[in-house]
Amino acid sequence: MHDTRTERSRSLQIQTSIDPHSHVPTHTVTGWVTANRVRRTIARLVEHPEYAPDCNSLWDLRHAEGLSGPEDVWPLVEMILRDELRTGRGVTAFLLRPELFFAVGEPDERTYAGARERAKVFSDPVRAEEWLDNHEHTRTS
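Quick caveat, the model's predicted, so the values are computed rather than measured.

Enquirer: Mind showing me how you'd approach helix H1 (residues 35–45) here?
Expert: Note that an α-helix has 3.6 residues per turn; residues three or four places apart therefore point the same way. If you check which residues of H1 are buried, you get Arg 37, Val 38, Thr 41, Ile 42 and Leu 45. Viewed end-on, H1 has its buried residues packed into an arc of 135 degrees, placing them on one side of the element.

Okay, here's the thing in structure tokens:
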């Protein structure tokens, strides 16, 4: 059973559920993506009763609007990683719809500053979950 909280803003919905065993939050984004709503979701995550600061996270962007190529996807990925680092996250998977996944046209794994924080994009939810299960995040700072 997942505990679910939802944030709504006009045509944007971000639903967060936390797996009770792994404590990995999954953020499902539907509608037009805005940086402010995504940032508020990340900031409010620490208030969730099942929040565990050293878990990985999954952002399901398959139903998000306003993402059409690498110029939209990579800045969003980078913003989410920066903001999640403030709450203890570091290893994050992103799900994209298949046509957007192939349109991104860049490496599907990127390493960020400090070489600890990593993100990977997927079009297959099973592969994303497997990747998260095999990449336990431990904070060293």
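Moving on from the coordinates now.
Enquirer: Would you take a moment to explain the side chain of Ser 57 for this structure?
Expert: Structurally, Ser 57 can be placed in strand S4 (residues 57–65). Here the side chain of Ser 57 touches Thr 92 through a polar contact of 3.3 Å, side chain to side chain.

Enquirer: Could you clarify how one ought to interpret the pattern of salt bridges in this entry?
Expert: If charged atoms from side chains of opposite charge come close, those side chains can pair. Counting across every chain of the model gives two salt bridges. Arg 62 serves as the salt-bridge partner of Asp 60, at 2.6 Å between the closest nitrogen and oxygen. Ionic pairing is found between Glu 99 and Arg 97, a salt bridge with its closest N-O pair at 3.1 Å.

Enquirer: Hey, could you run me through the pairing of strand S2 (residues 12–18) in this one?
Expert: The element S2 is extensively covered by neighbouring structure, given that five of its seven residues are classed as buried. Pairing analysis gives seven bridges linking S2 to strand S3 (residues 25–32), with the strands arranged antiparallel. Among the inter-strand pairings, Ile 14 is bridged to a residue of S3, identified as Val 29. Counted between consecutive antiparallel strands, the loop separating S2 from S3 contains six residues, among which His 23 sits at a positive phi close to 65 degrees.

Scoring rules and cut-offs
Residues numbered from 1 in each chain as written. Predicted model: local features only at pLDDT ≥ 70, side-chain atom pairs only at ≥ 80, totals over all residues. Heavy atoms only, no water. Buried < 20%, exposed > 50% of the residue type's maximum accessible area, 1.4 Å probe, protein only. Helix = DSSP H or I, 4+ residues; strand = E, 2+ residues; numbered from the N terminus. Arc of directions from axis to C-beta. Polar contact = N/O pair within 3.5 Å; in protein donor to acceptor, adjacent residues only side chain to side chain. Salt bridge = Lys/Arg side-chain N within 4 Å of Asp/Glu carboxyl O. Pairing = 2+ DSSP bridges.

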